[in-house]
Amino acid sequence: MGSVTLSNLRKVYAGGQEAVRGVSFDVADGTFCVLVGPSGCGKSTLLRMIAGLETVSSGTVAIDGRTVNDVEPADRDIAMVFQNYALYPHMRVRDNLAYGLRNRKTPKPEIETRVAEAARILGLGEMLDRYPRQLSGGQRQRVAMGRAIVRKPQVFLFDEPLSNLDAKLRVQMRVEIKRLQRSLGVTAVYVTHDQVEAMTLSDQLVVMSAGRVEQVGTAIEIYRRPMTRFVATFIGSPPMNILAGTVEPGGIVALPEGGRVTVPAAAALAPGTPVEVGIRPEEATRRAADGASLRMRVDFAEELGATRLLHGKLGGQDFIVQTQLLDQAADGDAIGLSVEPSAVHLFDPGTGHRID
Amino acid sequence: MQAKRVTFGGTALPLALLAPQLAVTVVFFVWPAVQAVITSFQREDAFGLKTEFVGLENFRDLWADPLYLESFGTTMIFSAAVAVSALVVGLLLAVLVDRVSRGAEIYSALLIWPYAVAPALAAILWAFLLNPSIGPLTRLLRVLGIAWNYNVDGTQALILIVFASAWKQVSYNFLFFLAGLQSIPRSLLEAASIDAAGPWRQFRTIVFPLLAPTTFFLIVVNVVYAFFDTFGVVHATTGGGPGQSTTLLVYKVWKDGFIGLNLGSSSAQSVVLLVIVIALTAVQFRFLERRINY
């Protein structure tokens, strides 16, 4: 019903700047798809192309199997929630919700029931006669979603909808959005630069960088098996440690200032090949310093409550280890570390691609 | 953090610093205004030898004078015509420039130029273009079958001064409307287009309501301009004629006072104008600070 299909989509601006460089992926009906990437990676442009707010330079956008490249935004059967909510400031909440329906000449009683229903779902009942300026950030956010709901579209588009809210409200609204999408069973495409939001909300995660798709998959697939160094360091917090090293015989990678890591995938590479080793902070385990294959000097520790982050140098390169609350390592200590071979990722330093 | 206040020790320095501005205000504004109020209660004899206090008689005479009431009506029509036409054209140009993607700065700069022209010069320019015997536009009108001669036809004379006055004001309105349009978040219009509002509907239901504060401010400014800054326009073109047809209140003040030498009546008229401008300003401050504020 509400599937979205992008094929080889490109966007080149008048100045020659290429914002989207050939993007293809499918979003199945009812899926929550999150586009994530650093600012300027083209994710918002991509969303706006799906909405019809940006023209398509080449390639196709299809909604529900129908190519919509030249279809007006109003006729694409989509609804969009904007970063700044884009509520009409001179209209009451009720009129904000009803505006799109009135423009579509929906019968009055129908408008009233739909507005009432949206207000009930979002808990906006008492706010219907207020103006947007009289609402808090979270309430405005709800009105923006209500404006999307009343239309009953095939696809919801979200453009960084939570970035203007404070941290606590953001977590709360995140849960509400997910619950809403589930209960309505509607397809959603959601843009964010926040990887926690991306991981928690998505059924399907699309990681973008510099106008290209780096990887598409479920959050857990991408976390467990990042296909590029970019994805590896972008998804996960704190980010994955990347260490440069060289391959030695027997599936061993040697780090420049001592230290060796066993990586099964390195066995297939010729000795002396330069590689990059990726280790997530939570996959490195504390060992006694004596006789450990990896040794790190602790520069300082960050206390996060349940866990501690030890920042230091390993083989002359920056390294972060996530340890337990009871860990006693202090600034200046030398600690030993070990890593399960299966938890080590290997990347080509030239292309950044994963080596399996 | 509150900015630190600099305080002066004595009162001499602050007074000295304020003196030039105060002097200008007192000499050119307060003094004549007070003089006008005083004179408006007096009557001078024909030879200027004797002045007597007559109370409100000058004002009563005004309301009984059909010429004054006619001038009042003319001024109302004139102000409304100037404000409406300058606002509509200014808004139209602003909307067009707002839509242009390339060269918008050039259009803006060119459209602001007329504001730099003094009202009297603007008037002479239009009087030349529409001159009954040599005006190029007159010839055009004649082709269209309109006999144009503002020296004879009172309505045409009024149209001429409306044109000359509004032309300049279009620039001013354009500038404010353009700034107003550019301050409307792009995403509002995008949301409206997803909400199935076409360009005209977007303008009517989103853009125009959001421009209301600007529009209201400009209405007041335009009316004040039409009431008080148009002496030069009338003086340089029609001289208030033919007959009484373009004698605006502000022109009549001058005519009755300096040509007719009826100082009492002229002063009473300027006091009426003073009251009008105070009222307009009060309305503006009151409303701009409240209501239309998003």
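What counts, and where the lines are drawn
- Residues numbered from 1 in each chain as written.
- Chains lettered and ligands numbered in written order.
- Predicted model: local features only at pLDDT ≥ 70, side-chain atom pairs only at ≥ 80, totals over all residues.
- Heavy atoms only, no water.
- Helix = DSSP H or I, 4+ residues; strand = E, 2+ residues; numbered from the N terminus.
- Buried < 20%, exposed > 50% of the residue type's maximum accessible area, 1.4 Å probe, protein only.
- Contact = heavy atoms within 4.5 Å.
- Areas by Shrake-Rupley, 256 points an atom, 1.4 Å probe, with all protein chains shown as cover.
- Phe/Tyr/Trp six-rings, centres within 6.5 Å; stacked < 30°, edge-to-face > 60°.
- Pairing = 2+ DSSP bridges.
- Axes fitted to C-alpha atoms, helices over the stretch in contact; angles between N-to-C directions.
- Parallel < 35°, antiparallel > 145°, perpendicular 65-115°, else oblique.
- Left-handed = near helix turned anticlockwise from the far one by under 90°.
- Nonpolar A, V, L, I, M, F, W, Y, C, P; charged D, E, K, R; others polar.
- Salt bridge = Lys/Arg side-chain N within 4 Å of Asp/Glu carboxyl O.
- Buried area = accessible area lost by both parts, 1.4 Å probe.
- Polar contact = N/O pair within 3.5 Å; in protein donor to acceptor, adjacent residues only side chain to side chain.

Q: Would you take a moment to explain the overall build of chain A for this structure?
A: Across its full length, chain A holds 8 helices and 20 strands. Counting only C-alpha atoms and orienting by the principal axes, one finds that chain A spans roughly 80 × 45 × 35 Å. Evaluated residue by residue, chain A yields a buried proportion of 52% over its 356 residues. A sequence separation of at least 24 residues applies to 65% of the contacts in chain A between residues at least 6 apart. Carbon and sulfur atoms form 49% of the exposed surface of chain A, whose accessible area is close to 15,500 Å².

Q: Any chance you could explain the packing of aromatic side chains here in plain terms?
A: The relative placement of two aromatic rings is captured by the distance of their centres and the angle of their planes. Considering all chains together, one arrives at 21 aromatic pairs over all chains under this definition. Between Trp63 of chain B and Phe72 of chain B, the ring centres sit 6.0 Å apart and the planes meet at 50°, which makes this aromatic pair tilted. What makes Trp63 of chain B partly exposed here is its relative accessible area of 47%. On the basis of relative accessibility, which here comes to 17%, the residue Phe72 of chain B falls in the buried class. Members of the aromatic cluster, connected to one another through ring pairs, are Phe32, Phe156, Phe158 and Tyr190 of chain A.

Q: Looking at this structure, I do not really get the sheet that holds strand β19 (residues 334–339) of chain A. What am I missing?
A: As a general point, the strands of a sheet are linked pairwise by backbone hydrogen bonds and lie either parallel or antiparallel. All names here are of chain A. Taken in spatial order, the 5 strands make up an open sheet running β15-β19-β16-β17-β18, and their pairing is antiparallel. Each edge of the open sheet carries a strand with a single partner, namely β15 (284–287) and β18 (317–324). The sheet shows a mean angle of 50° between the axes of neighbouring strands, taken without regard to direction. Of the strand pairs in this sheet, strand β16 (residues 294–303) and β19 are connected by 4 bridges, and their pairing is antiparallel. Bridging from a neighbouring strand, Leu294 pairs with Leu337 of β19.

Q: Looking at this model, I keep getting lost on the packing of helix α5 (residues 119–129) of chain B against helix α7 (residues 154–182) of chain B. Mind explaining?
A: All names here are of chain B. The contact between α5 and α7 brings their axes to 9 Å, and the two run at 130°. Here α7 runs oblique to α5, going by the angle between their axes. Considering how the two elements wind past one another, α5 and α7 form a crossing that is right-handed. Each of Pro119, Ala122, Ala123, Leu125, Trp126 and Ala127 in α5 lies in contact with α7, whose residues at this interface are Leu160, Phe163, Ala164, Trp167 and Lys168. Classifying every residue of the contact of α5 with α7 gives 10 nonpolar, no polar and 1 charged.

Q: It is not clear to me how the pattern of salt bridges should be interpreted in this structure. Could you clarify?
A: Opposite charge on two side chains allows them to pair when their charged atoms are near. Within the structure shown, the criterion is met by 20 salt bridges over all chains. A salt bridge links Asp95 of chain A to Arg102 of chain A, with the nearest nitrogen and oxygen atoms 3.1 Å apart. Take Asp95 of chain A: its relative accessible area is 22%, and that puts it in the partly exposed class. Between Asp203 of chain A and Lys178 of chain A there is a salt bridge; the shortest N-O distance is 3.6 Å. With Asp203 of chain A in the loop between α6 (195–201) and β9 (204–209) and Lys178 of chain A in helix α5 (residues 167–184), this residue pair connects regions lying 25 residues apart in the sequence. According to the relative accessible area criterion, Asp203 of chain A is partly exposed, its value standing at 26%. Taken together, the shared-partner salt bridges connect Lys11, Arg48 and Glu54 of chain A together with Glu190 of chain B into one network.

Q: Looking at this structure, I do not really get the interface of chain A and chain B. What am I missing?
A: For interface size, the figure often reported is the accessible area lost on association. In this complex, chain A contributes 23 residues to the contact, which on the side of chain B involves 19 residues. Between chain A and chain B lies a buried interface of about 1,700 Å² when both sides are counted; carbon and sulfur atoms form 60% of it. Summed over the shared surface of chain A and chain B, the number is 2 salt bridges. Put simply, Arg48 of chain A and Glu190 of chain B hold a salt bridge, and the shortest N to O gap is 2.6 Å. On the surface where chain A and chain B come into contact, there are 10 residue pairs in polar contact (both at pLDDT 80 or more). Secondary structure elements with two or more residues in the side of chain A that touches chain B: α1 (43–51), β6 (78–81) and α2 (93–103) of chain A.

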